[in-house]
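What follows is the residue order along each chain.
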Amino acid sequence: MLAKAEERKPQKGGGKKRRHPGEDGEGGEGGERKRRGGEEGEKGQADGGRQRLDALSVGYFRRVGERLSEGFEDNEEKEMFVENVLTEVKGKATLVAMDRTGSITLQRLLPLSSPDQVGEVLAELGGESGAELKTVSCDRCGGHVVESAVRQMSKLMESQKEAPAEEEEESCGVLEAQVLSLSQVVRDNIAEFIKHVHGSHVVRTLLHVLAGCVGPPRTETRPGAKERNVVPQLTDFEIPTSFWYELKNLTETLMDNVNLSVTDAVASAVFQTMLTVCHRKRPKLCKQLLKRIMEYLTSRSAAPGVSPLLVFLKDQASSRLIETIIQLSHKSLLRDLYKNHLKGQLVDLALHPIANFPVQRLTAASAKYKMFLRLFDELIQGVEAILAAGHMGVIVQLAESCAEGEERQEELMKCLLHAFHCAEPGSRHVNCLPLFMSLITYEVYYHSDTAEGNTQTEVPLSSICYHGSRLVQALARFKERSLLLSSLRTLTPADLLTMASDPAGSHVLQALITTSSDKGRGKILKRLEGQYVRMACSRLGSRVLEAIWNSASVSHRQSIAQELVGSESQLRSDQFARHVWAKFALSHFIHRKAHWQEIQTGESKKRKLFSDILE
């Protein structure tokens, strides 16, 4: 049962869902529960002083969840069902929202409700004065319900475009008023909200809605899934005029408590959200906020002659805020940051376990400005030390910025050759690719204690790592990449197959082959002959083979197809290769070769035409 499964999940790791990097896990929740228990002891039941939803109601909302999973035949049936359930909720909305099963059900029900119904639920959660919203918002289950309700403003504004003007104004009023009421409660209790492990998420959602952009609901993320550094996909929507002013009021209140942004990791996340949404929707306001936060950070007391930023950059909470500031800053602010605070300190910061991340952001943000040259000249002095410290993100970002700005590419390549001990003698240059991909020096990789140039024995390709792959992908975008291609051509067919089937190596092989000239690509494909069938039967290799095919000339495609059709039964029965067989139209190649060649020639001409237009 879906509802039952959802009910059990938070028991196992519910606290993890709300965890933000640097949060103290369940500490905030435990303290809040104790405080709430003390306040409500007289009216609560026996379990710690907190009122709970009775067993019959829990069973009812579990069944509602199961019914929602089945779907509805038409809108009338859905509306009647939603109305009936909300009738049951009425009078005990707070208890339902703060119950695990009730919370999950309400989160699924509110998107199906009308704006008026959502507004009424929020009104009941807030009580007569609206102050009760604080208790619900700071609850591990209730907070999710408040977020879900507030997010419905985006759907409301979309539906209003089609509704008549009078109906529009009416339906908007209730929910809009409740969102503004919530914002007032947040402003009145701002310090408690932004420091609370659950309440802070409500503030962050409120900032998104007031600005007019929402991301996917947090309930849709997979528990335990690895977080990646990707920008969440935000959807913009029109906002009522009142939200425009309220966002300004809320940001002002937050700025009055800017001191919390550098001392508390949870509060820091709220300020990061504030800057991100304002940068997207209110650029002028964002510029003012960035300037004010930087003024605050740089005005703190530190040792004589030492910038206070150097202290903040090494702190878990404040360094994340500074990363966001760097990413969103304009040219003059970045220049001031480097010139007055970071100049001469970059290598030391790059060696620090926390401060190296803001250095990466600064390197990325300055890629298209002249100041990047000064950053590069400073960081290049410490490349070997940074490598030794294991802070490969700094080196990768340096390479990516060189590729983007088309500056200092030759100097970086020479520096890397020296760092991996393959610069001298010149015969070692052809060994650079395996060393870069594995991030291992020449002597260690080839088990050599001597300074001789040539290796006596071949070492099978191994130990390809994530950062090594990223580094080579960045170097592949350099104007001069003949060293990498020469090194690639010295690899054995078995090594090339290893690369194609490796999670990190496959990206490198794809980048190097697809960015090569037809002549250079032909030389690499010549080395791959005899490996295409095994590539096609590999999960990752088949993707590389498709990328090669898309960039290959007709003659190269023909030689690949010729090799593949010899293993028809194997390819057609393999879970990965059967897709290759279909996409390459290999059945067509066997039975109607002339027509297949005609189609491939047409595609090749079309691809060349589009590439010429784009260039």
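Below you will find a few notes about this structure. Per chain, the residues get numbers from 1 upward, laid out in the order the sequence is written. Totals for whole chains, interfaces and linings use every residue, but because this is a predicted model, local features are given only for residues with pLDDT of at least 70 and side-chain atom pairs only at 80 or more, for both listing and counting. Side-chain metrics in this entry use all non-hydrogen atoms of the structure; hydrogen atoms and water are not considered.

1. Overview of the overall build of the chain
Strands here mean DSSP runs of E at least two residues long; helices mean DSSP runs of H or I at least four residues long; both are numbered from the N terminus. A count of helices and strands for the chain gives 38 helices and two strands. Categorising residues by exposure relies on relative accessible area from a 1.4 Å probe, with only protein chains included: less than 20% of the type maximum marks a residue as buried, more than 50% marks it as exposed, and the intermediate range marks it as partly exposed. Here the chain, with 615 residues, has 51% of them falling under the buried criterion. The contact definition used throughout considers only heavy atoms, calling two residues in contact when any of these lie within 4.5 Å. Across the chain, the fraction of contacts at a sequence separation of at least 24, relative to all contacts at a separation of at least 6, is 71%. Of the accessible surface of the chain, which amounts to about 30100 Å², a share of 49% is contributed by carbon and sulfur atoms. Only the protein chains shown count as cover for residues, and all accessible areas are computed by the Shrake-Rupley method using a 1.4 Å probe.

2. A closer look at the pattern of salt bridges
The rule for a salt bridge is simple: a side-chain nitrogen of Lys or Arg has to be within 4 Å of a carboxyl oxygen of Asp or Glu. For the coordinates displayed, the defined rule picks out 18 salt bridges. With a shortest N-O distance of 2.8 Å, Glu246 and Arg187 are connected by a salt bridge. Here Arg187 lies in helix α10 (residues 165-188) and Glu246 lies in helix α13 (residues 241-256), a separation of 59 residues in the sequence. The class of Glu246 is buried, set by a relative accessible area of 7%.

3. So, the environment of Gly344
Relative to the elements of secondary structure, Gly344 occurs in the loop between α18 (331-342) and α19 (346-350). A C-alpha to C-alpha distance of 10.0 Å links Gly344 and Arg374, two positions 30 residues apart in sequence.

4. Topic: the packing of helix α30 (residues 505-514) against helix α33 (residues 539-551)
Axis definition: a line fitted to C-alpha atoms, limited for helices to the stretch in contact. Angles are taken between N-to-C directions and run from 0 to 180 degrees. It is at 10 Å that the axes of α30 and α33 come closest, and there the two elements cross at 10°. It follows that α30 is roughly parallel to α33 by the angle criterion. Between α30, through Ser506, Leu509, Gln510, Ile513 and Thr514, and α33, the contact on the second element is made entirely by Leu540, Arg543, Val544, Ala547, Ile548 and Ser551. Classification used: nonpolar for Ala, Val, Leu, Ile, Met, Phe, Trp, Tyr, Cys and Pro, charged for Asp, Glu, Lys and Arg, polar for all others including Gly. When grouped by side-chain class, the residues that make up the contact of α30 with α33 number six nonpolar, four polar and one charged. Note on angle classes: values under 35 degrees are labelled roughly parallel, values over 145 roughly antiparallel, values of 65 to 115 roughly perpendicular, and the remainder oblique.

5. With respect to helix α20 (residues 356-365)
Among the ten residues in α20, seven count as buried, and that is most of the element. The set of residues buried in α20 consists of Asn356, Pro358, Val359, Gln360, Arg361, Leu362 and Thr363. Looking at the packing, one finds that the buried side of α20 touches α17 (316-328), α18, α19, α21 (371-379) and α23 (392-405).

6. Thoughts on the packing of helix α4 (residues 75-89) against helix α7 (residues 115-126)
Running from N to C, α4 and α7 point in directions that differ by 10°, and their axes come no closer than 12 Å. By the criterion of interaxial angle, the relationship of α4 to α7 is roughly parallel. Taking contact as the criterion, the partners of Val82, Glu83, Leu86 and Val89 in α4 are, on α7, Gln117, Val121 and Glu124. A class-by-class count of the residues in the contact of α4 with α7 yields four nonpolar, one polar and two charged.

7. Concerning a positive patch on the surface
Side chains of Lys331, Arg335, Lys339, Lys343, Lys370 and Arg374 sit close together on the surface and give a patch of like positive charge. Sort the elements by how many residues they give to the positive patch and α18 lands first, with three residues. With respect to the helices and strands, the residue Arg335 is situated in helix α18. Judged by relative accessible area, Arg335 falls into the partly exposed class, the value being 38%. Nonpolar side chains (Val, Leu, Ile, Met, Phe, Trp, Tyr) within 5 Å and like charges within 9 Å form the patches, drawn only from residues with over 30% relative accessible area and no salt bridge. The sign given to each residue is positive for Lys and Arg and negative for Asp and Glu; His and the chain ends receive no count. Note on charges: their place is set at NZ of Lys, CZ of Arg, CG of Asp or CD of Glu.

8. Brief notes about the environment of Lys343
Within the fold, Lys343 resides in the loop between α18 and α19. You can call Lys343 exposed: its relative accessible area is 52%. Sequence spacing of Lys343 and Glu378 is 35 residues, and the spatial spacing of their C-alpha atoms is 8.4 Å. Here Lys343 is in contact with Tyr338 and Glu378, once residues within four sequence places are set aside.

9. With respect to the side chain of Ser137
As for its position among the elements, Ser137 is in helix α8 (residues 133-137). A polar atom in the side chain of Ser137 sits 2.7 Å from the backbone oxygen of Leu133. If sequence neighbours within four positions are ignored, Ser137 has contacts with Gly143, Val146, Leu182, Phe193, His198, Gly199 and Val202. What qualifies as a polar contact is a pair of N or O atoms within 3.5 Å, subject to a donor-acceptor requirement within protein and to the restriction that residues adjacent in sequence count only when both atoms come from side chains.

10. What to know about the nonpolar core
Working definition of a nonpolar core: buried Ala, Val, Leu, Ile, Met, Phe, Trp, Tyr and Cys residues. They are joined through side-chain atoms within 4.5 Å. Ranked by size, the top nonpolar core spans 172 residues in total, and within it Leu125, Met274, Ile293, Leu297, Phe436, Met499 and Leu564 carry the most contacts. Once you skip the residues sitting within four places of it in the chain, Leu125 turns out to touch Ala93, Thr94, Ala97, Glu132, Leu133, Val136, Val145 and Val146.

11. Concerning the packing of aromatic side chains
Stacked, edge-to-face and tilted are the three classes for Phe, Tyr and Trp ring pairs, Trp counted by its six-membered ring, which pair at centre distances within 6.5 Å; planes under 30 degrees apart are stacked, over 60 edge-to-face, the rest tilted. Scanning the model with the defined rule gives ten aromatic pairs in all. When the ring of Tyr442 is compared with that of Tyr446, the centres are 5.0 Å apart and the planes differ by 45°; the resulting orientation is tilted. Take Tyr442 and Tyr446: they sit in the same class, and that class is buried. One aromatic cluster is present, built from ring pairs that chain together Trp549, Phe584, Phe589 and Trp596. Lysine NZ or arginine CZ positioned within 6 Å of the ring centre and within 35 degrees of the ring normal marks a charge as sitting over the ring. The ring of Trp244 carries Arg282 above its face, with NZ or CZ at 3.9 Å from the centroid.

12. Remarks on α4
Counted at 1.5 Å a residue, the expected span for α4 with its 15 residues is 21 Å, and the 21 Å between its end C-alpha atoms agrees. Those residues of α4 that sit buried are Phe81, Val82, Val85, Leu86 and Val89. Down the axis of α4, the sector holding all buried residues measures 130°, keeping them to one side. Residues Glu76, Met80 and Thr87 are exposed on α4 and point more than 90 degrees away from its buried face. Residues of α4 that are buried in the fold lie against α3 (55-70), α5 (93-97), α6 (100-109) and α7. One side-chain oxygen at the N-terminal end of α4 lies 3.2 Å from the backbone nitrogen of Glu76; it belongs to Asp74. At the exit of α4 stands Gly91, carrying a positive phi of roughly 95°. Expected helix span is computed as 1.5 Å times (number of residues minus one). Within this analysis, the arc is defined by the directions that extend from the helix axis to the C-beta atoms.

13. Considerations on unusual backbone geometry
That bond from Glu424 to Pro425 is cis: its omega, -15°, falls within 30 degrees of zero. With respect to the helices and strands, the residue Pro425 is situated in the loop between α24 (409-419) and α25 (432-438). Even without glycine at this site, Ser463 takes up a positive phi of about 60°. A positive phi angle, close to 55°, is found at Ala585, a residue other than glycine. When you line up the elements, Ala585 lands in the loop between α36 (577-583) and α37 (586-591). Residue Ala585 is classed as partly exposed on the basis of its relative accessible area, which comes to 28%.

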